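As a plain string of letters, each chain reads:
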Amino acid sequence: MSVKTALRVIEIIETYARERRALPLSELARLLGVPVSSCLALIRTLVDLGYLYETGRRQGYYPTGRLLAMAQRIARADPVLDRVYPSLVELRDATQETVVFGKLSEGRVVYLDVLDSPHTIRYAPVAGEFRELHANSLGKALLSMLDPDARHALLGRRPLTRHNERTLTTPAALDADLELSRQRGWFMNLGESIPDICAIAWPVTLSGEVYAISVGGPVYRIEPQQQEYARILRAACTALEQRG
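Our subject in this report is the structure included herewith. Owing to the predicted nature of the structure, the values given are computational and were not obtained by experimental measurement. (Residues numbered from 1 in each chain as written. Predicted model: local features only at pLDDT ≥ 70, side-chain atom pairs only at ≥ 80, totals over all residues. Heavy atoms only, no water.)

1. Quick notes on the layout of surface pockets
When its volume is computed, the largest pocket comes out at roughly 850 Å³. Looking at the largest pocket, it is lined by 24 residues, and the ones nearest its centre are I13, A17, A71, V126 and A127. Of all the secondary structure elements, the ones that give two or more residues to the lining of the largest pocket are α1 (3–19), β2 (60–63), α4 (65–76) and β4 (108–115). Looking at the lining of the largest pocket element by element, the count peaks at 6 residues for α4. Of the residues contributing to the lining of the largest pocket, the split by class is 16 nonpolar, 3 polar and 5 charged. Computed from the structure, the second largest pocket encloses a volume of approximately 190 Å³. Around the second largest pocket, the lining is made up of 14 residues, and of these V9, I13, L42, L46 and Y51 lie nearest the centre. Of all elements in the fold, only α1 and α3 (36–48) reach the threshold of two or more residues within the lining of the second largest pocket. Of all the elements, α1 adds the most residues to the lining of the second largest pocket, at 5 residues. (1 Å grid on protein atoms, 1.4 Å probe; cavity = no way out; pocket = protein on both sides within 12 Å on 5 of 7 lines; lining within 4 Å. Points joined across faces, edges and corners; volume = space filled by probe spheres on them. Helix = DSSP H or I, 4+ residues; strand = E, 2+ residues; numbered from the N terminus. Nonpolar A, V, L, I, M, F, W, Y, C, P; charged D, E, K, R; others polar.)

2. A closer look at the nonpolar core
Counting 25 residues, the largest nonpolar core has F101, I200, V204 and I213 as its most contacted members. Contributions of two or more residues to this core are made by α5 (81–95), β3 (98–105), β6 (187–190), β7 (197–206), β8 (209–218), α9 (219–222) and α10 (226–242). The contact partners of I200, leaving out residues within four places of it in the chain, are S137, W186, F187, M188, I213, S214, V215, I222, Q226, Y229, A230 and L233. Core analysis: the second largest hydrophobic core is formed by 20 residues, L133, A141, F187 and A201 among them. (Core = buried A, V, L, I, M, F, W, Y, C linked by side-chain atoms within 4.5 Å. Buried < 20%, exposed > 50% of the residue type's maximum accessible area, 1.4 Å probe, protein only. Contact = heavy atoms within 4.5 Å.)

3. Points about the sheet that holds β4
Judged by pairing direction, the sheet is antiparallel, and its 6 strands sit side by side in the order β5-β4-β3-β8-β7-β6 without closing on themselves. Edge positions in the sheet fall to β5 (130–131) and β6, since each of these pairs with one other strand and no more. Judged from the 7 bridges that link them, β3 and β4 form a sheet pairing that is antiparallel. Its bridge partner being in β4, V99 is matched across the sheet by L115. (Pairing = 2+ DSSP bridges.)

Following this line, the structure appears as structure tokens:
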């Protein structure tokens, strides 16, 4: 399978996740921006493999439960998430806020797992998302584990995007923020990327690899509780490291 074909299959899955409805061939091709003939070949293959089915004559196609079953099987065997998941659940239940587990990947933060807050109004990221390091609590926690030269080389790969007036856009400003964060005991994103969203984070090292965990939600809920949430978060990270 070519790289382009593999990418197109992922785009089909993401399109269904976004649209959440059966899609006729012509509409799916339009959403993907590909010729109907190319889309048809992919659809036929996915139908033959049991990942899509035709909901009705001319009504369109929709994913079967096979995709979910495969994803669940993969997730249950994840060697890292299997270790940290119980701690993430405890942290989510203790704070009642969204908990994110992430890692450095290709100069960005990748969200490896997300446990949603039970609140109706909540921070709602998705596992697999990438975020910029400089305007993200997880990113700051991960940057803090690099030596200054490595950190500056990483940040120098691309301009630091200014999302709003709170965003730190120079290495010097970020260095100062990281030092303050180390001293107080938590790394914070206070509306620096998404207005009205606040998150605190702390790094955790597992089997020699550096990860980070964050607790996030609306500013009005997180900011007043930042010290208490940071205490709970650090304790969870320490316990994970001690268990090896």
